[in-house]
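Here's the letter readout for the chains.
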Amino acid sequence: MRRYQVRDVVGRITTPLLVLDPADEQFFPGQPRELFDLLPGEKQIMGFTEELGADWHCQPTGRRLTHTAMLDYLADHLPYPTA
């Protein structure tokens, strides 16, 4: 795992990407912003704050808020099915 670096492959990501960035994250601080800055294509970063009750490591475990953000992003970026 230590040899793997997202920098080695991030330039090959071609799909639009939503990056979730909880404030004051203690396990991976700064990594969401670093990934966002390296992404070459369409991208969006979404901060999760104390005001939302989703700072620190609460965003990954705050599933309702996380799922809402992800599903809204997908709804905006996936083609709408036609009959």
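Up top you'll find the structure we're talking about.
Definitions and cut-offs
Residues numbered from 1 in each chain as written. Predicted model: local features only at pLDDT ≥ 70, side-chain atom pairs only at ≥ 80, totals over all residues. Heavy atoms only, no water. Salt bridge = Lys/Arg side-chain N within 4 Å of Asp/Glu carboxyl O. Helix = DSSP H or I, 4+ residues; strand = E, 2+ residues; numbered from the N terminus. Buried < 20%, exposed > 50% of the residue type's maximum accessible area, 1.4 Å probe, protein only. Phe/Tyr/Trp six-rings, centres within 6.5 Å; stacked < 30°, edge-to-face > 60°. Lys NZ or Arg CZ within 6 Å of the ring centre and 35° of its normal. Contact = heavy atoms within 4.5 Å.

Student: Can you walk me through the pattern of salt bridges in this structure?
Tutor: Opposite charge on two side chains permits pairing when their charged atoms draw close. A full pass over the atoms with the stated rule returns two salt bridges. Note that E34 and R7 form a salt bridge whose closest N and O atoms lie 2.5 Å from each other. With a gap of 27 residues between them, E34 in helix α1 (residues 31–38) and R7 in the segment before β1 (17–22) connect regions that are remote in the sequence. Look at E34 and you get partly exposed, because its relative accessible area is 34%. The salt bridge involving R33 is made with D37; its shortest N-O contact spans 3.7 Å. In this pair, R33 and D37 both sit in helix α1, four residues apart, roughly one turn of the helix.

Student: Whenever I open this one, the packing of aromatic side chains confuses me. Can you help?
Tutor: For any pair of aromatic rings, the description consists of the separation of the ring centres together with the inter-plane angle of the planes. Applying the stated criterion to the full structure yields zero aromatic pairs. The cationic tip of K43 hangs over the ring face of F36; the distance from NZ or CZ to the ring centre is 4.6 Å.

Student: It is not clear to me how the side chain of T66 should be interpreted in this structure. Could you clarify?
Tutor: Position of T66 relative to the elements: it lies in helix α3 (residues 63–77). In contact with T66, not counting residues within four places along its chain, are L20, F48 and Q59.

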